[in-house]
Amino acid sequence: MTLRRVLIANRGEIAVRIIRACHALGIETVVTVSDADRDSMAARLAGRAVCIGPARSSESYLNVDAVVTAALGTGCDALHPGYGFLAENAALADACAKAGVVFVGPGSETIRELGNKIRARELAVRSAVPIVPGASDVADFSRAEAVVKQIGFPILLKAAAGGGGRGMQVVRELGQLRGAFETASAEALAAFGDGTLYIERLVLNARHIEVQILADRHGKVLHLGERDCTLQRRHQKIVEEGPAALVPEPLLRRIRQAAVDLAKGVGYENAGTVEFIVDQDRNEFFFLEVNTRIQVEHPVTEELTGVDLVQEQLRIAAGEALQLNQSQIRLAGHVIECRINAEAAEKGFRPSPGRIRDWRAPDESFVRVDTHCYPGYVVPPFYDSMLAKLLVSGKDRAEAVARMRRVLDEFSVEGIETTVPFLRTLLARPEYISGAVNTRWVEAVMNEPGFAVGQNSERAKALA
Amino acid sequence: MPQQLTQADVTDILSAFERSDFARLRLFAGPLRVEIDRTPEDGGQTADALEGAVAVSSPLLGVFEAASEPVQRGVEVQQDTMVGFIRVMEKRTAVRAGLRGQVAAVSVRDGDFVEYGQTLLHVYPAEGEGRR
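Being a predicted model, the structure only gives us computed values, none of them experimental.

Caption draft 1: Structural context of the overall build of chain A. Helix and strand counts for chain A come out as 16 helices and 23 strands. Relative to the globule expectation of 23 Å for 464 residues, the C-alpha radius of gyration of chain A, 23 Å, shows essentially globular dimensions. When its C-alpha atoms are laid out on the principal axes, chain A stretches across 65 × 55 × 45 Å. Of the accessible surface of chain A, which amounts to about 18,700 Å², a share of 48% is contributed by carbon and sulfur atoms. Averaging the coordinates of the 55 positive side-chain charges in chain A and doing the same for the 59 negative ones gives two points 1 Å apart.

Structure, rendered in structure tokens:
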């Protein structure tokens, strides 16, 4: 089959991105908008915009029934969920199947299984993909000692029953183990009625490496190389790049293969990302999770490989076989992406919605900007604060880093505060330039007394 | 970039729309933006004739279902008069007039797909009945 008309159940830059991919394939588009997004760029680009509810996303972009009704009411034969909102909601995939609408993504069972962290780890183990060493059955202190003897320090102790970081303890040496065990176990018992603990090795000097996968329903699974997303703040990615130039090539080959093995093992279909943590001290890697959707940072891979991932998603959803072979996938040069958010970094990254008075994005042959913003656009206060993704390509990492620093200087947004000045400061650091960073680096640097988002305060004054 | 449309082109497009039975036209060409909506029911109703009328809009996206006694132009409604339902999958939500007055125009038919906020009907408010 071929897709005739696709409902884009999302907003912002990814809605614009998907609309363009559809139009390039000759597919008609309908975009869902909330009351706050009626005049958005996506609404203007799509063949039709349909208002699904009020500004509040729980009543619009997160409303499964409204989204499926919109697809049916506008005669769409497929639905692309983008990222965020309902993108990894198995109930939406089920509702689409029931309504006879093609869901552009994996099947609901895959979404459900991989969305469950414990189940996903089991599936990784089944495909011989390494997971962080640990145990989830630590009911008494002698068991804790035995586990720690096996996996080594430092370790993380938390309740086996609960989610999140509740009662989490970091233990760095044997002498601290008993005290930490007793505290964590008592907390777990109080909070969940079960004192059993979960212990895992804590990787302090870690890189975040993720592998892009494409898989069709005819059994072909390809990897499109990896992205290094080590620069994070509170688990939010800030800068992404590829390939992972700072991870040894033999290790990278094993990581890419592990991602393919896992995708094959679960019968994966469509685009997906397998995330790993790399222990830079021990040169080991471990599975983290699978994201069963297109990701924010997918353009890094597109610029490296020349493959349009969203178009591939649409073809796969239509049942087509992947035309590419693994040997045809080449990673050319180095690509860096910065997320530009409407946030005031020096005020604790406070969101800064409002009217964009002036918007000047750099425009050079090696630059790509994915955005839904333009001069005069009013950034609504209801949603994610991302305004744009700024990408540069270079022949190697050094050239890409130099280019990114240069175009960040050229990026000018007036009327609202953005993270551009923060990115300028961060990317000027020698650790970033050399690549000697880990997943804790951004927060560590920001805590240094000398670290100031220098240019930012001047700009803020100029804006006031 | 599309070529700039001339005044004559726009006039031609507008008269083509007039002759058609389309309800809505949206045209974007370069800096030009034309959007026209026509009230499909009660043919011949123009925006002028609805002056002073208050729009009753859909509280949800879904499929409009007329009430067992469909609301028609000219009938009197009370605040709690049910003017129809919006069906979203299996759920049906009643829509009430929300004000007292006389129906000026009905813009939707039973079975129509309606967006959130889309006008279902217009009501001339009764004396002393303000906007909700």
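Caption draft 2: Representation of the sheet that holds strand 8 (residues 169-171) of chain A within the structure. All names here are of chain A. Taken together, the four strands give an open sheet; going across it, the order is 6-9-7-8, and neighbouring strands pair in antiparallel fashion. Sheet topology places strand 6 (134-138) and strand 8 at the edges, where each strand pairs with a single neighbour. Averaged over neighbouring strand pairs, the angle between their axes works out to 20° when direction is ignored. One ladder, built from five bridges, connects strand 7 (residues 155-159) with strand 9 (residues 197-201); its direction is antiparallel. Along strand 9, the bridge assignment pairs alanine 159 with leucine 197. Taken strand by strand, helix 7 (residues 141-151) contacts strand 6, strand 7 and strand 9, and its axis lies near 175° from that of strand 6.

Caption draft 3: Seen up close, the confidence of the model for chain B. Taken over all residues, the pLDDT of chain B has a mean of 85, while the share at 70 or more is 88%. Ranking the elements of chain B by mean pLDDT puts strand 2 (residues 32-37) of chain B last with 79 and strand 9 (residues 113-114) of chain B first with 97.

Caption draft 4: Examining the interface of chain B and chain A more closely. Listed by partner, the interface residues are 14 residues for chain B and 20 residues for chain A. Buried surface at the junction of chain B and chain A, summed over both partners, amounts to about 1,400 Å²; 55% is from carbon and sulfur atoms. When residues of chain B are sorted by the area they lose upon contact with chain A, Met89, Phe113 and Tyr116 of chain B head the list and together hold 43% of the total. Scanning the region where chain B abuts chain A turns up two salt bridges.

Caption draft 5: The arrangement of the nonpolar core in detail. Residue and element names in this part refer to chain A. Counting 68 residues, the largest nonpolar core has Leu7, Val31, Leu79 and Leu92 as its most contacted members. In terms of residue count, the dominant contributor to this core is helix 1 (residues 12-24) (seven residues). Discounting residues that sit within four places of it in the chain, leucine 92 has contacts with Val64, Val67, Val68, Leu79, Pro81, Leu86 and Phe103. In this structure, Cys373, Leu390, Val401 and Val453 belong to the second largest nonpolar core, which totals 40 residues.

Caption draft 6: Inspection of the confidence of the model for chain A at higher detail. Averaged over every residue, the pLDDT of chain A is 94; residues scoring 70 or more account for 96%. Contacts for the low-pLDDT stretch residues 455-464 of chain A, under 50 throughout, to residues beyond four places or in other chains number 18 contacts.

Caption draft 7: Layout of the sheet that holds strand 4 (residues 62-66) of chain B. Residue and element names in this part refer to chain B. Judged by pairing direction, the sheet is antiparallel, and its four strands sit side by side in the order 7-6-4-9 without closing on themselves. Strands with a single pairing partner mark the edges of an open sheet, and in this sheet they are strand 7 (91-96) and strand 9. Where strand 4 meets strand 9, two bridges bridge the pair, whose relative direction is antiparallel. Bridged to glycine 62 within strand 9 is valine 114.

Caption draft 8: A look at the packing of helix 7 of chain A against helix 8 (residues 174-192) of chain A. All names here are of chain A. As a packed pair, helix 7 and helix 8 sit with axes 10 Å apart at the nearest point and diverge in direction by 130°. Taken together, the axis directions place helix 7 and helix 8 in an arrangement best described as oblique. Here the hand of the crossing between helix 7 and helix 8 comes out right-handed. Between helix 7 and helix 8, the residues in contact are Phe141, Ala144, Glu145 and Val148 and Leu177, Arg178 and Phe181, respectively. When its residues are assigned to classes, the contact of helix 7 with helix 8 shows five nonpolar, no polar and two charged.

Caption draft 9: View of the environment of alanine 215 of chain A. All names here are of chain A. Along the polypeptide, alanine 215 turns up in strand 10 (residues 206-215). Sequence separation between alanine 215 and tyrosine 268 is 53 residues, and the spatial gap between their C-alpha atoms is 6.3 Å. Contact partners of alanine 215, with chain neighbours within four places excluded, come to Lys220, Val221, Tyr268, Glu269, Asn270, Ile316 and Leu322.

Caption draft 10: Focus on the side chain of threonine 371 of chain A. Residues and elements named next belong to chain A. Within the secondary structure, threonine 371 sits in strand 20 (residues 367-371). By relative accessible area, which is 15% here, threonine 371 ends up buried. Here the side chain of threonine 371 touches cysteine 373 through a polar contact of 3.0 Å, landing on its backbone nitrogen. Among the polar contacts made by the side chain of threonine 371, one reaches the main-chain carbonyl oxygen of leucine 387 at a distance of 2.6 Å. Excluding residues within four positions of it along the chain, threonine 371 makes contact with Glu13, Val16, Met41, Trp359, Leu387 and Ala388.

Cut-off values and rules
Residues numbered from 1 in each chain as written. Chains lettered and ligands numbered in written order. Predicted model: local features only at pLDDT ≥ 70, side-chain atom pairs only at ≥ 80, totals over all residues. Heavy atoms only, no water. Helix = DSSP H or I, 4+ residues; strand = E, 2+ residues; numbered from the N terminus. Rg over C-alpha atoms; globule rule 2.2 N^0.38 Å. Areas by Shrake-Rupley, 256 points an atom, 1.4 Å probe, with all protein chains shown as cover. Lys, Arg positive; Asp, Glu negative; His and termini not counted. Charge placed at Lys NZ, Arg CZ, Asp CG, Glu CD. Pairing = 2+ DSSP bridges. Axes fitted to C-alpha atoms, helices over the stretch in contact; angles between N-to-C directions. Contact = heavy atoms within 4.5 Å. pLDDT = per-residue confidence, 0-100. Buried area = accessible area lost by both parts, 1.4 Å probe. Salt bridge = Lys/Arg side-chain N within 4 Å of Asp/Glu carboxyl O. Core = buried A, V, L, I, M, F, W, Y, C linked by side-chain atoms within 4.5 Å. Buried < 20%, exposed > 50% of the residue type's maximum accessible area, 1.4 Å probe, protein only. Parallel < 35°, antiparallel > 145°, perpendicular 65-115°, else oblique. Left-handed = near helix turned anticlockwise from the far one by under 90°. Nonpolar A, V, L, I, M, F, W, Y, C, P; charged D, E, K, R; others polar. Polar contact = N/O pair within 3.5 Å; in protein donor to acceptor, adjacent residues only side chain to side chain.

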